[in-house]
Amino acid sequence: MMSWFDVLMEPMSFDFMQRALLTAMATSIVCAIFSCFLVLKGWSLMGDAISHAVLPGVVLAYLAGIPLVIGAFGSGLFCAVATGFIKEHCRVKEDSVMGIVFSGMFAAGLVLFSRVNTEQHLSHILFGNVLGVTDSEMLQTLIIALVVTLAIIIKFKDLMLFCFDPVQAKVIGLPVRFYHYALLCMLALTIVAALQAVGVVLVVAMLITPGITAFLLCKTLPKMIIVAVTVSLIAAISGTFISFYIDAATGPAIVLIQAMLFLLALAVHLLRKPFKSRQSAPNA
């Protein structure tokens, strides 16, 4: 009779599960770290916009015979730059511009995909296919995750000041415009890394949910990052295993667990508020 540990470790006897788990963990770490900066910067909608805008780049890269990651990154970066250009040259607000740009690019991607016969199935790009990740795709995800994570660690203090107080950052001489576009480039790279795990539609959840969950529980950015990474790893590992046992899509399973952890954090946050108010109340 198999023990519970043997049952739990059974999926790890398959090579595709080992690749899937490693890819999901790497993706969850970089998305969690970046989500903290997105939440503090108020760029949640920007993450949504770029994640949808990569689709036409993927199709065009396939037609050109170049790596899909190049097309996805170029398309996402074009969305970010186009949004900034339109915002600076007209009276339309940024959220409206992002809505127009990303929905237009996503629609263009869907039209291109429907007209081109490709070996890729649309659902794999839209919802991810982490269980079907190849060795080269896993290596690509690991490299992107490592590059983005190291860049954030090296420039952590500057990025923190840029997110919290860009005016002060400009006053002390930090290249604010450079950090603005550097963050956009890293955001596009992070989205490309997460495509294999959760796809275009769900990548925004991995970029936002861990940061919001940590924001409810923490008051400093370092603690926020630790909590976000922990929550994201728990969701990635448990979601990958659960999807194997119940034969469900891995990406949606990971995102669903992240949503459940957010609701748990929200409950803790709401329960702590009355307790804190009683502690801070003056004695009669």
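Quantities reported herein were computed from a predicted structural model and do not represent experimental measurements.

### Some details on helix H7 (residues 135-154)
In a regular helix each residue adds 1.5 Å, so 20 residues correspond to 28 Å; H7 covers 28 Å between its end C-alpha atoms and thus fits that length. Every buried residue of H7 is listed here: Met 138, Thr 141, Ile 144, Ala 145, Val 148, Thr 149 and Ile 152. One side of H7 carries all its buried residues, which in axial view fall inside an arc of 135°. Exposed side chains of H7 directed beyond 90 degrees from the buried face belong to Asp 135, Ser 136 and Ile 154.

### What to know about unusual backbone geometry
Of note in the backbone geometry, Asp 247 takes a positive phi value of approximately 55° without being a glycine. For Asp 247, the location among the structural elements is in the loop between helix H11 (221-246) and helix H12 (250-280).

### Some remarks on the pattern of salt bridges
Summed over all chains, the structure comprises one salt bridge. The salt bridge partner of Asp 135 is Arg 19, with a shortest N-O separation of 3.7 Å. Of the two residues, Asp 135 sits in helix H7 while Arg 19 sits in helix H2 (residues 15-41), which places them 116 residues apart along the sequence.

### Structural notes on the environment of Leu 112
Examined against the element boundaries, Leu 112 turns out to sit in helix H5 (residues 94-115). Apart from residues no more than four positions distant in its own chain, Leu 112 is found in contact with Pro 56, Val 59 and Leu 60.

### Topic: the packing of aromatic side chains
Applying the stated criterion to the full structure yields six aromatic pairs. Taking 5.9 Å as the distance between ring centres and 45° as the angle between the ring planes, the aromatic pair formed by Phe 14 and Phe 244 counts as tilted. Here Phe 14, found in the loop between helix H1 (4-9) and H2, pairs with Phe 244, found in helix H11; they are 230 residues apart in sequence, far enough to count as distant. For Phe 244, a relative accessible area of 23% gives the class partly exposed. With centroids separated by 6.5 Å and ring planes inclined at 35°, the aromatic side chains of Phe 162 and Tyr 179 adopt a geometry described as tilted. With Phe 162 in helix H8 (residues 156-164) and Tyr 179 in helix H10 (residues 176-217), the pair connects residues that are 17 residues apart, well separated along the chain. Overall, the relative accessible area of 3% leaves Phe 162 in the buried class. Site record: aromatic cluster; members linked through ring pairs are Phe 14, Phe 16, Phe 244 and Tyr 245.

### Things to note about the UniProt feature "transmembrane region" (unreviewed entry) in the protein chain
Here, the residues flagged by UniProt with the feature "transmembrane region" (unreviewed entry) are residues 20-40, 60-85, 97-118, 138-157, 178-195, 201-218, 225-246 and 252-271. Structurally, residues 178-195 comprises 100% helix and 0% strand, and the distance from its first C-alpha atom to its last is 26 Å. A helix fraction of 100% and a strand fraction of 0% characterise residues 225-246, whose end C-alpha atoms lie 31 Å from each other.

### Notes on a nonpolar patch on the surface
Among the surface-exposed residues, Leu 8, Met 9, Ile 242, Tyr 245 and Ile 246 lie close enough to one another that they form a single nonpolar patch of about 420 Å² accessible area. Secondary structure elements with two or more residues in the nonpolar patch: H1 and H11. The biggest single contributor to the nonpolar patch is H11, with three residues. Along the chain, the position of Ile 242 falls in helix H11.

About the thresholds
- Residues numbered from 1 in each chain as written.
- Predicted model: local features only at pLDDT ≥ 70, side-chain atom pairs only at ≥ 80, totals over all residues.
- Heavy atoms only, no water.
- Helix = DSSP H or I, 4+ residues; strand = E, 2+ residues; numbered from the N terminus.
- Expected span 1.5 Å × (residues − 1).
- Buried < 20%, exposed > 50% of the residue type's maximum accessible area, 1.4 Å probe, protein only.
- Arc of directions from axis to C-beta.
- Salt bridge = Lys/Arg side-chain N within 4 Å of Asp/Glu carboxyl O.
- Contact = heavy atoms within 4.5 Å.
- Phe/Tyr/Trp six-rings, centres within 6.5 Å; stacked < 30°, edge-to-face > 60°.
- UniProt positions renumbered as here; feature names shortened; annotations may be inferred.
- Patch = residues over 30% accessible without salt bridge, like charges linked within 9 Å, V, L, I, M, F, W, Y side chains within 5 Å.
- Areas by Shrake-Rupley, 256 points an atom, 1.4 Å probe, with all protein chains shown as cover.

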